[in-house]
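# Results of the structural survey
Given next are the chains, with one letter for each unit.
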Amino acid sequence: MENNNQTNSKGIGIHARRVIAYAVLCIITFFCLFWFYVLFINATRSNGELQSGFTLAPSTHLIENWKNLLAGTLPVWNGMLNSLIVAALSATLCVYFSTMTAYAIHAYDFKAKRFIYPFILMIMMIPTQVTALGFVQLITKMKLMDSFIPLIVPSIAAPVTFFYMKQYMESSLPLSLIEAARIDGSGEFRTFNSIVLPLMKPAIAVQAIFTFVSSWNNYFVPALILHDDKKKTLPILIAQLRAADWLKFDMGQVYVMIAFSIFPVIIVYLILSKHIVQGVALGSVKG
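In this text the structure is predicted, and so the values were computed from the model without any measurement. The residue numbers shown here count from 1 along each chain, following its written sequence. In keeping with the model being predicted, local features are shown solely for residues with a pLDDT of at least 70 and side-chain atom pairs are shown and tallied solely at 80 or more, while totals for entire chains, interfaces and linings include all residues. Calculated side-chain values reflect all of the structure's heavy atoms, with hydrogen atoms and water omitted.

## Examining the overall build of the chain
- Think of it this way: any DSSP run of H or I at least four residues long counts as a helix, any run of E at least two long counts as a strand, and we number them from the N terminus. Secondary structure assignment for the chain yields 14 helices and 0 strands.
- Secondary structure elements in the chain, listed N-terminal to C-terminal, are α-α-α-α-α-α-α-α-α-α-α-α-α-α.
- Throughout, exposure labels follow a simple rule: accessible area from a 1.4 Å probe, protein chains only, divided by the maximum for the residue type, with under 20% read as buried, over 50% as exposed, and the rest as partly exposed. The 287 residues of the chain split such that 36% are buried.
- Counting only carbon and sulfur atoms, one obtains 69% of the accessible surface of the chain, whose full area is about 17,900 Å². Residue-level accessible areas treat just the shown protein chains as cover; the underlying method is Shrake-Rupley with a 1.4 Å probe.

And the structure:
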């Protein structure tokens, strides 16, 4: 009887903790998604309705706001294409070369190894604003203003991504596997591309999402480099739309453009999220 009572009490305790965990997750999910709901609701309202106050009910001005946005002077579709090019290439190059750098430090032994790792981590502490003036002067001398190259190529050197990849390799990439590939005659690039990258898929998916979103939302550096309206990214165009003259200012158009700019980020997350879930499940099985 005592054993049965203890078993029942443990079962009730586990059930109670599970209920509490689900309740907390539901609350957090609600607060995370509520602001997206507010954004899309406001995108359906006119400027006058937005000025009158907040409401949870959608309105009927979504298509009108979208038509007014496209009828304006801002090249919305060019901005979307520009943001896609910059964010996609930045995420791809950043993840690939950061993983390659982490692999080199993880798999090779050389004299400067213990100095390179902390040096790369030190670079993480340097804010972008500190180097912005020198960066702009360099880009001007290289005649790369109004070009995507200064926005894409520097993303290769990403200390934060490198640090995450290095930590993931230490727990998921045994050196014995690399040695076995070398014994079988596999070259270093083949080992990296055929063995290391597939094992790093969960980490690559996480960092690809972070890098894509960071590049997609980046306003500071593109605003310094891109001056041609046809080359500007969406964050710059949104800022211009918000800074319009008060006679032309339309908050409905602003909300529509912000909602329009969020869809690619959601799509990228949905595509890559399955790899994150697979990585978490694989890690729990290993544990």
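## Details of the nonpolar core
- One finds Y103, M200 and M257 to be the most contacted residues of the largest nonpolar core, which totals 44 residues.
- Going through the elements one at a time, α1 (2–43), α4 (76–107), α8 (159–172), α10 (188–199), α11 (201–217), α13 (234–242) and α14 (251–286) are the ones with two or more residues in this core.
- With residues up to four places along the chain from it excluded, the contact list for M200 reads T99, M165, Y168 and M169.
- L151, V221, L226 and I236 belong to the second-largest nonpolar core, a separate cluster that totals 8 residues. Definition of nonpolar core: a set of buried residues of the types Ala, Val, Leu, Ile, Met, Phe, Trp, Tyr and Cys, connected through side-chain atoms within 4.5 Å. Contact definition: two residues touch when any of their heavy atoms are within 4.5 Å.

## With respect to the pattern of salt bridges
- A carboxyl oxygen of Asp or Glu within 4 Å of a side-chain nitrogen of Lys or Arg is what we treat as a salt bridge. Evaluation of the coordinates by the stated rule reveals 4 salt bridges.
- Here E179 ties to R182 by a salt bridge, and the two come within 3.1 Å at their closest N and O atoms. In this pair, E179 and R182 are both assigned in helix α9 (residues 175–183), 3 residues apart and thus about one turn of the helix distant.
- Exposure remark for E179: the relative accessible area of 38% places this residue in the partly exposed category.
- As a salt-bridge pair, K232 and D229 come within 3.0 Å of each other at their nearest N and O atoms.
- Residue K232 is classed as buried on the basis of its relative accessible area, which comes to 9%.
- Using a relative accessible area of 35% as the deciding quantity, one classes D229 as partly exposed.
- Ionic contacts of the salt-bridge type, sharing partners, join the residues E179, R182 and E188 into one network.

## Remarks on the packing of aromatic side chains
- Ring geometry is summarised as follows: Phe, Tyr and Trp rings, the Trp one being its six-membered ring, pair when their centres sit within 6.5 Å, and such pairs are stacked at plane angles under 30 degrees, edge-to-face over 60 and tilted between the two. Across all of its chains, the model carries 12 aromatic pairs by this definition.
- Arranged with centres 5.9 Å apart and planes meeting at 85°, the rings of W66 and W77 form a pair that is edge-to-face. Here W66, found in helix α3 (residues 62–71), pairs with W77, found in helix α4; they are 11 residues apart in sequence, far enough to count as distant.
- Judged by its relative accessible area of 22%, W66 is partly exposed.
- Taking relative accessible area as the criterion, W77 reaches 51% and is therefore assigned exposed.
- Consider the rings of Y103 and Y108, whose centres lie 6.2 Å apart with planes at 80°: the pair is edge-to-face.
- By relative accessible area, Y103 is classed as buried at 4%.

## Here's the deal with the environment of N68
- Counting through the fold element by element, N68 comes out in helix α3.
- According to the relative accessible area criterion, N68 is partly exposed, its value standing at 31%.
- With 184 residues separating them along the chain, N68 and G252 place their C-alpha atoms 9.4 Å apart.
- N68 has contacts with D250 and Q253, leaving out every residue within four places of it along the chain.

## Description of the environment of A91
- Within the element layout of this structure, A91 appears in helix α4.
- When its relative accessible area of 8% is taken as the criterion, A91 is described as buried.
- Taking the C-alpha atoms as reference, A91 lies 7.7 Å from I209; in sequence the two are 118 residues apart.
- Beyond its immediate chain neighbours, meaning those up to four positions away, A91 contacts A208, T211 and F212.

## Re the packing of α4 against helix α5 (residues 113–123)
- Running from N to C, α4 and α5 point in directions that differ by 145°, and their axes come no closer than 10 Å. Both α4 and α5 take part in a crossing whose hand is left-handed. Here T101, I105 and H106 of α4 lie close against α5, whose contacting residues are K113, I116 and I120.
- Polar here means any residue outside two lists: the nonpolar Ala, Val, Leu, Ile, Met, Phe, Trp, Tyr, Cys and Pro, and the charged Asp, Glu, Lys and Arg; Gly therefore counts as polar. Taken together, the residues of the contact of α4 with α5 break down into 3 nonpolar, 2 polar and 1 charged. To get an axis, fit a line to the C-alpha atoms, keeping to the stretch in contact for a helix; angles then go from 0 to 180 degrees between the N-to-C directions. Left-handed describes a crossing whose near helix is turned anticlockwise from the far helix by less than a right angle; the clockwise case is right-handed.

## Comments concerning the confidence of the model for the chain
- This prediction gives the chain a mean pLDDT of 83; 89% of its residues lie at or above 70.
- The quantity called pLDDT is the predictor's confidence in a given residue, expressed from 0 to 100. Per-element mean pLDDT across the chain ranges from 74 in α14 up to 92 in helix α7 (residues 149–152).
- Scored below 50 in pLDDT, residues 281–287 makes 1 contact in the model with residues more than four places away or belonging to other chains.

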